[in-house]
Amino acid sequence: MGGGKPGNTVITLTVDTENIKPNEQSIKDNVVFTDNQSDPAENPGHPDAYVSTVIKGSSCTWQGVAKNGRDTINITDVAKKPVGGGADILEEIALGDPFDDPKVTAKVKNKAITGPESYNVTFMINKNESQVYTIDPKLKMKR
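Residues numbered from 1 in each chain as written. Predicted model: local features only at pLDDT ≥ 70, side-chain atom pairs only at ≥ 80, totals over all residues. Heavy atoms only, no water.

### Details of the sheet that holds strand 1 (residues 9–15)
Ordered by their spatial adjacency, five strands build an open sheet running 2-1-4-7-6, and the pairing between neighbours is mixed. If you trace the sheet from one side to the other, it starts and ends with strand 2 (31–35) and strand 6 (90–95), each paired once. Averaged over all adjacent pairs, the angle separating strand axes in this sheet is 20°, with direction ignored. In the sheet, strand 1 pairs with strand 2 via five bridges, with the strands oriented antiparallel. Bridged to Leu13 within strand 2 is Phe33. (Pairing = 2+ DSSP bridges. Helix = DSSP H or I, 4+ residues; strand = E, 2+ residues; numbered from the N terminus. Axes fitted to C-alpha atoms, helices over the stretch in contact; angles between N-to-C directions.)

Here it is, written out as structure tokens:
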């Protein structure tokens, strides 16, 4: 191992596209967050309580998958919550092309930051721009 780059976090939204409806409770009930930092998976129905761990100086990528394996999930935006966003962990958020590169990658600040940051993730299903969904999980920096 030794030096080298810190581990980059990958956060996956698994969406139950067959049951999701465009209301807050349905979105909460049909999106599950997981990541590659061995954070416990969230309790279904409470993605707003899900906290992903990121590592200072690394990056964080959000990607979406459909539970049925057929539909496409395109993440169109990741942004700190304008009110009550908490800590400032993300430095720069690079949106992919929502159609051709449906992921979002952010740089994590290269300094120790305590406390969680609340942010919004916006996604669409099967490239349907007329129906977007937003969900608000949290990030924290690994100690």
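### Some details on the packing of aromatic side chains
Aromatic ring pairs are reported here in terms of the distance separating the ring centres and the angle at which the planes meet. Under the defined criterion, the tally for this structure stands at three aromatic pairs. Relative to Tyr50, the ring of Phe33 lies with its centre 5.6 Å away and its plane at 20°, an arrangement referred to as stacked. Of this pair, Phe33 sits in strand 2 while Tyr50 sits in the loop between strand 2 and strand 3 (51–54), and the two are 17 residues apart along the sequence. Classification of Phe33 by relative accessible area gives buried; the value is 0%. For Tyr50, a relative accessible area of 2% translates into the label buried. Their ring planes at 65° and their centres at 5.4 Å tell us that Trp62 and Tyr119 sit as a pair that is edge-to-face. Separated by 57 residues along the polypeptide, Trp62 in strand 4 (residues 59–66) and Tyr119 in strand 8 (residues 117–125) bring together distant segments of the chain. Both residues of the pair, Trp62 and Tyr119, count as buried. (Phe/Tyr/Trp six-rings, centres within 6.5 Å; stacked < 30°, edge-to-face > 60°. Buried < 20%, exposed > 50% of the residue type's maximum accessible area, 1.4 Å probe, protein only.)

### A look at the pattern of salt bridges
All told, the structure shown has seven salt bridges when counted by the stated rule. Residue Lys107 is joined to Glu92 by a salt bridge in which the shortest nitrogen-to-oxygen separation is 3.7 Å. On the criterion of sequence distance, the pair formed by Lys107 in strand 7 (residues 104–108) and Glu92 in strand 6 is long-range, its members being 15 residues apart. The exposure class of Glu92 is partly exposed, given its relative accessible area of 45%. Through salt bridges that share partners, Glu24, Lys28 and Asp48 make up one connected network. (Salt bridge = Lys/Arg side-chain N within 4 Å of Asp/Glu carboxyl O.)

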